[in-house]
Amino acid sequence: MAAMLQPQIILLKEGTDTSQGKAQLVSNINACTAVADVVRTTLGPRGMDKLIHDDKGNVTISNDGATIMKLLDIVHPAAKILVDIAKSQDSEVGDGTTTVVLLAGEFLKEAKPFVEDGVHPQNLIRSYRTACYLAIEKVKELAVSIEGKSLEEKKSLLAKCAATTLSSKLIGGEKEFFASMVVDAVIAIGNDDRLNLIGVKKVPGGTMRDSFLVNGVAFKKTFSYAGFEQQPKKFLNPKILLLNIELELKSEKENAEIRLSDPSQYQSIVDAEWNIIYDKLDKCVKSGAKVVLSRLAIGDLATQYFADRDIFCAGRVAEEDLQRVAAATGGTIQTSVNNIIDEVLGTCEVFEERQVGNERFNIFSGCPSGRTATIVLRGGADQFIEEAERSLHDAIMIVRRALKNSTVVAGGGAIDMEISRYLRQHARTIAGKSQLFINSYAKALEVIPRQLCDNAGFDATDVLNKLRQKHALPSGEGAPYGVDINTGGIEDSFANFVWEPSVVKINAINAATEAACLILSVDETVKNPKSESAQGEAAASAMAGRGHGGGFRGRGRGMRRR
Ligand code: ADP
Ligand code: MG
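The structure displayed is predicted, hence computed values, not measured ones. (Residues numbered from 1 in each chain as written. Chains lettered and ligands numbered in written order. Predicted model: local features only at pLDDT ≥ 70, side-chain atom pairs only at ≥ 80, totals over all residues. Heavy atoms only, no water.)

Chemist: Summarise the overall build of the protein chain; cite the residues concerned and give the values.
Modeler: Along its length, the protein chain carries 20 helices and 21 strands. Per-residue burial for the protein chain yields a buried fraction of 46% across its 562 residues. Taking all contacts inside the protein chain whose residues are at least 6 apart in sequence as the whole, residues at least 24 apart take part in 76%. (Helix = DSSP H or I, 4+ residues; strand = E, 2+ residues; numbered from the N terminus. Buried < 20%, exposed > 50% of the residue type's maximum accessible area, 1.4 Å probe, protein only. Contact = heavy atoms within 4.5 Å.)

Chemist: Now, about the confidence of the model for the protein chain: what can you tell me, with residues and values included?
Modeler: Counting all residues, the mean pLDDT for the protein chain is 84, and 90% of those residues have values of 70 or more. Within the protein chain, helix H14 (residues 434-445) carries the highest mean pLDDT (94), whereas helix H20 (residues 550-561) carries the lowest (38). Note on residues 538-562: pLDDT is under 50 here. Beyond four places in sequence and across chains, it has 9 contacts. (pLDDT = per-residue confidence, 0-100.)

Chemist: Talk me through the nonpolar core; I want residue IDs and the actual numbers.
Modeler: A general feature of soluble globular proteins is that nonpolar side chains tend to end up buried together. Counting 71 residues, the largest nonpolar core has Leu 423 and Leu 520 as the members making the most contacts within it. Beyond its immediate sequence surroundings of up to four residues, Leu 423 is in contact with Ala 131, Leu 134, Ala 135, Ile 438, Tyr 441, Ala 442 and Leu 445. With 35 residues, the next largest nonpolar core counts Ile 171, Met 208, Ala 388 and Leu 392 among its residues. (Core = buried A, V, L, I, M, F, W, Y, C linked by side-chain atoms within 4.5 Å.)

Chemist: Could you give an account of the sheet that holds strand S6 (residues 212-214), naming the residues involved and the relevant values?
Modeler: Read across the open sheet, the 3 strands follow the order S5-S16-S6; overall the sheet is mixed. The sheet is open, and its two edges are formed by strand S5 (198-204) and S6, each paired on a single side. Ignoring which end each strand starts from, the neighbouring axes of this sheet average 20 degrees apart. Where S6 lies against strand S16 (residues 373-379), 3 bridges are found, and the strand directions are antiparallel. Residue pairing for S16: Phe 212 is matched across the bridge by Val 376. (Pairing = 2+ DSSP bridges. Axes fitted to C-alpha atoms, helices over the stretch in contact; angles between N-to-C directions.)

Chemist: Just give me the short version of the site of ligand 1, but keep the residues and values in it.
Modeler: Near ligand 1 lie 21 residues; those nearest to it are Asp 95, Thr 99, Ser 167, Ser 168 and Gly 412. In the environment of ligand 1, an oxygen atom lies 3.0 Å from a nitrogen or oxygen atom belonging to the backbone of Gly 96. Between Thr 99 and ligand 1, the recorded distance is 2.6 Å, taken from a side-chain N or O atom to an oxygen atom. For ligand 1, the accessible surface in isolation is 570 Å², of which the surrounding protein chains cover 96%. It is helix H5 (residues 97-116) that provides the largest number of residues to the shell around ligand 1, a total of 3 residues. A domain-level breakdown of the shell around ligand 1 finds at least three residues from each of domain 1 (17-145 + 410-521) and domain 2 (151-215 + 376-405). (Near = heavy atom within 4 Å. Polar contact = N/O pair within 3.5 Å; in protein donor to acceptor, adjacent residues only side chain to side chain. Areas by Shrake-Rupley, 256 points an atom, 1.4 Å probe, with all protein chains shown as cover. Domains from an automatic or database assignment.)

Chemist: So what's going on with the environment of Gly 199? Which residues, and what values?
Modeler: For Gly 199, the location among the structural elements is in strand S5. Through-space distance from the C-alpha of Gly 199 to that of Thr 374 is 4.4 Å; in sequence the pair is 175 residues apart. Apart from the residues lying within four places of it in its own chain, the contact partners of Gly 199 are Arg 324, Ala 373, Thr 374 and Ile 375.

Chemist: Hey, could you go over the pairing of strand S15 (residues 359-365) for me, with residue numbers and the actual values?
Modeler: The buried count for S15 comes to 5 of 7 residues, which makes it a mostly enclosed element. Alignment of strand S7 (residues 216-220) against S15, held across 5 bridges, turns out to be antiparallel. In the strand pairing of S15, Lys 220 is matched with Phe 361. By the bridge criterion, 7 bridges tie strand S14 (residues 350-356) to S15 in an arrangement that is antiparallel. Paired with Val 356 across the strands is Glu 359, a residue of S15. The hairpin formed by S14 and S15 contains 2 residues between the paired strands, and Gly 357 there has a positive phi angle of roughly 60 degrees.

Chemist: Requested: an account of the pattern of salt bridges, with residues and values cited.
Modeler: Here the structure, examined in full by the defined rule, presents 25 salt bridges. Linking Glu 319 and Arg 295 is a salt bridge whose minimum nitrogen-to-oxygen distance equals 3.9 Å. Taken together, the residues span a long stretch of sequence, with Glu 319 in helix H11 (residues 319-329) and Arg 295 in the loop between strand S10 (291-294) and helix H10 (300-308) at a distance of 24 residues. Accessibility expressed as a relative area gives 31% for Arg 295, which makes it partly exposed. Residue Glu 418 pairs with Arg 421 through a salt bridge whose shortest N-O separation is 2.8 Å. (Salt bridge = Lys/Arg side-chain N within 4 Å of Asp/Glu carboxyl O.)

Chemist: How would you sum up the side chain of Glu 352? Please name residues and give values.
Modeler: The topology assignment puts Glu 352 in strand S14. The residues touching Glu 352, leaving out its near neighbours within four places in the chain, are Lys 233, Lys 234, Phe 361, Asn 362 and Ile 363.

Chemist: How would you summarise the packing of aromatic side chains if you had to cite specific residues and measurements?
Modeler: What the rule picks out here adds up to 15 aromatic pairs. With centroids separated by 6.0 Å and ring planes inclined at 35 degrees, the aromatic side chains of Trp 274 and Tyr 278 adopt a geometry described as tilted. Pair noted here: Trp 274 and Tyr 278 are both in helix H9 (residues 265-286), with a separation of 4 residues, about one helical turn. An aromatic cluster of three or more residues is present, and its members are Phe 219, Phe 228, Phe 312, Phe 351 and Phe 364. Positioned over the ring face of Tyr 422 is Lys 138, at 4.7 Å from the centre of the ring. Above the face of the Phe 497 ring, Lys 160 is positioned so that its terminal group lies 4.2 Å from the ring centre. (Phe/Tyr/Trp six-rings, centres within 6.5 Å; stacked < 30°, edge-to-face > 60°. Lys NZ or Arg CZ within 6 Å of the ring centre and 35° of its normal.)

Chemist: I'd like to hear about the sheet that holds strand S17 (residues 407-410), residue by residue, with values.
Modeler: Strand order in the open sheet formed by 3 strands is S4-S17-S20, and the pairing between neighbours is antiparallel. Among the strands making up the open sheet, the edge pair consists of strand S4 (144-145) and strand S20 (499-501). Relative to S20, S17 runs antiparallel, the two sharing 3 bridges. Looking at the pairing, Val 409 lines up with Glu 500 of S20.

Structural data, given as structure tokens:
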């Protein structure tokens, strides 16, 4: 009787779907493993690429973990976390995006049997966190500093890091060529944090080797009028005027209505228009500038006027390019031609218009602030150049990171094997369940060398056994040994310059562990009907629900009971 009088507590809205407990946890783990399986094959220099086409018909070919994850459009709520860590790895360090997803997937895979056997997830989480902490300490301990080297030495060391990143990409065949280009570009911009100071211009056609680096700004020649051909196309140390105004003769009759009583006045109105524009042009010329750029149009009159005075001009320059010219040459963009003082004019060592493929480029090199660099990328198909650009982005980020933190570790799975060995050894000193968990964390780390082998078609078990034996040497001399991607054996990765900045590893291990712990800590997923409809799935399920009458009958029963 008393039980019947108790008010029913309604916590969640009608139609709310909840799943909880062990089954939910296992299902989340499965989803994450499935996601990791997608990017698995892209890891390493012998990794495969993915071709993704969306419903709009855009085709992307990529090897980059973050790009693939972004384009996959994953809907599973738990698996989305992996997309997020790939993205964050991409923005934090730029490389190691496949690694982070793979590690997270593997940590979860190793945790699954424990969860199924009834281990409380919190125990797992605690051990994983400890293992993560120990692993990172170990990376820091093994990291080798490149500080205190001369510029030339530093450059070649940084190029090694860039080459390691590029070796897994489509442009891997030309990794040395691009690595030194990237290093030059990064050194050129110095400590400036703005990534857009390194411009990448894509010009289809030619071969990869036709790509080149401009120590300054380059952009495609803009639309030009008659008279342009007579303008000089090369200057040494020119003054550069940057404008945000139109230098075009406006026929005011289209914009204004003027009433004249005396036809002879008509000429004076026409003259006034011409005077205004001539006055503007005159001021530009008087400023002493030899190159005039404007974000807005520079018409045919102005083009001819400048040509007669040996001045180069370009109108309709893209905002982004104009700003980069300003940053590079030290000029300031003007919105009026009155009072142009010398300080607002920029300069550079050489300005020239050059043919690149079948495009003409305006190139400003030897800029005083030296804070910009432009890589002009050449290559066949569009998708190829797009992927090349993404790969260069990775390499640029890596070089910047390495320059800032200036410590590197051996790649090719060497560092992962070494941490794994260290953790196994450490686990043996622990009494209790934690020993097992740390051991499985250590085992999960081996996924990197194993996958590198698998992707290259080597016998992973064989290589891993060799690596384990090498790393177990008591002298510690085996620590830098990793997978030799060329022969299918093992090699001293460090001595062979397969280098990665240590931040890549630290960040990857941290992010992957965090993600794994986060997923392990979720034991209930609640899906409320509102958020479902927000995703656009509602229509279908609501229809289905109504069809069976399930939704309504459910509520009816509830009411009757009350
Ligand atoms: P991510 O998106 O994680 O950077 P990659 O496809 O770029 O994935 O692969 C990176 C992995 O490939 C790293 O573990 C790196 O050490 C390894 N690697 C890169 N170059 C070589 C090489 N020449 N030999 C062996 N391993 C390499
Ligand atoms: Mg990479």
